[in-house]
Amino acid sequence: MESYCAGFELSEWRCSGLADNLIEWIIDYALKSDELRDTNHTNTFVRLKQAASRVYTSEKYERRGEVGEVAAHAVCRTYFNTIPVAARVNYLSASNDPVKAFDLVHVRYVGVDDIELWLGEAKFFKDRNDAIKDAIGSIKGHITAGFLKNEKLLLGPQVSNDIPHSAKIKKLLSAEASLDDLIASAVFPVLIAANSDATASHVSASEDYSAEVDAEMKALWEKLRASELTEKIKLKLIYVPLGDKDALNKAFDDRLKGLQIG
């Protein structure tokens, strides 16, 4: 279990700061590896606009979950040193279509030769109990044989050749490989970004605040344990306590739409 809070500024939860940080990550989240490789000071703004158009272009942003997906991407990249196997947007048939797939597909290198496939779920909700309930339902659906076989067919051809051990990753995702091998090599991070009573009732980081966030996170973990999923797969809970989910959603959308103008 890990928790990551945006912190406080001038006695308020740092909503704007978090929205800014998430926008900074959309290039890494939305662009393919060859596009990232060719990004430099002469085309950064163009790349940012390209990424913004791929995240979503819908006017009805209130119930979209991309904020949680970008947060999951950023947390795993920053704190767990993962590398994207394929850009999430490659799953999309159109930029406004929701996709029934893992919200995150990364690889983490362990030692010299071992790898972990990180197959993530991200939930961006007002109510954290609703979020964990929805996450449990999604995970149960995503670890069925039919879903995993379809994911392998989808992901295998998208594995970038320029990432380390790409051949080993492709082998795990091949149709011939046993799903048991995939499960054994997989970690399932579950990011819950939801309103926190602790964050809403504090104006600065403190020991009391940390203890209250920790209690909220442990309550979420107990729900995961009660689902019995922890006995079947390797789960990692990532909790992002929010002061105001709706405010963050609007702040992110305003910045995203600003990049899409023109």
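Note that the coordinates shown come from a computational prediction; the quantities given were computed from them, not determined experimentally.

A. Spatial organisation of the overall build of the chain. From N to C terminus, the chain includes 12 helices and 8 strands. Taking 262 residues into account, the globule formula puts the C-alpha radius of gyration at 18 Å, and the chain, at 18 Å, falls close to it. With 262 residues in all, the chain has 50% of them scored as buried. Side-chain charges in the chain split into 33 positive and 40 negative, and the spacing between the mean points of these groups amounts to 5 Å.

B. Inspection of the side chain of arginine 64 at higher detail. Tracing the backbone through its elements, the reader meets arginine 64 in the loop between α4 (44-55) and α5 (66-80). The class of arginine 64 is buried, set by a relative accessible area of 13%. Here the side chain of arginine 64 touches glutamate 66 through a polar contact of 2.8 Å, side chain to side chain.

C. Summary view of the packing of helix α1 (residues 15-24) against helix α12 (residues 245-260). The contact between α1 and α12 brings their axes to 9 Å, and the two run at 45°. By the criterion of interaxial angle, the relationship of α1 to α12 is oblique. Considering how the two elements wind past one another, α1 and α12 form a crossing that is right-handed. Of α12, the residues touching α1 (which contributes Cys15, Ser16, Leu18, Ala19, Asp20, Leu22 and Ile23) are Ala247, Leu248, Ala251, Phe252, Arg255, Leu256 and Leu259.

D. View of the pairing of strand β5 (residues 104-110). Judged from the 2 bridges that link them, strand β4 (residues 83-84) and β5 form a sheet pairing that is antiparallel. Opposite isoleucine 83, over in β5, you have valine 107 as the bridge partner. As paired elements, β5 and strand β6 (residues 114-125) share 7 bridges and run antiparallel to each other. Residue pairing for β6: leucine 104 is matched across the bridge by glycine 120. Where β5 hands over to β6, the hairpin turn is made up of 3 residues, of which glycine 111 adopts a positive phi near 70°.

The rules behind these values
Residues numbered from 1 in each chain as written. Predicted model: local features only at pLDDT ≥ 70, side-chain atom pairs only at ≥ 80, totals over all residues. Heavy atoms only, no water. Helix = DSSP H or I, 4+ residues; strand = E, 2+ residues; numbered from the N terminus. Rg over C-alpha atoms; globule rule 2.2 N^0.38 Å. Buried < 20%, exposed > 50% of the residue type's maximum accessible area, 1.4 Å probe, protein only. Lys, Arg positive; Asp, Glu negative; His and termini not counted. Charge placed at Lys NZ, Arg CZ, Asp CG, Glu CD. Polar contact = N/O pair within 3.5 Å; in protein donor to acceptor, adjacent residues only side chain to side chain. Axes fitted to C-alpha atoms, helices over the stretch in contact; angles between N-to-C directions. Parallel < 35°, antiparallel > 145°, perpendicular 65-115°, else oblique. Left-handed = near helix turned anticlockwise from the far one by under 90°. Contact = heavy atoms within 4.5 Å. Pairing = 2+ DSSP bridges.

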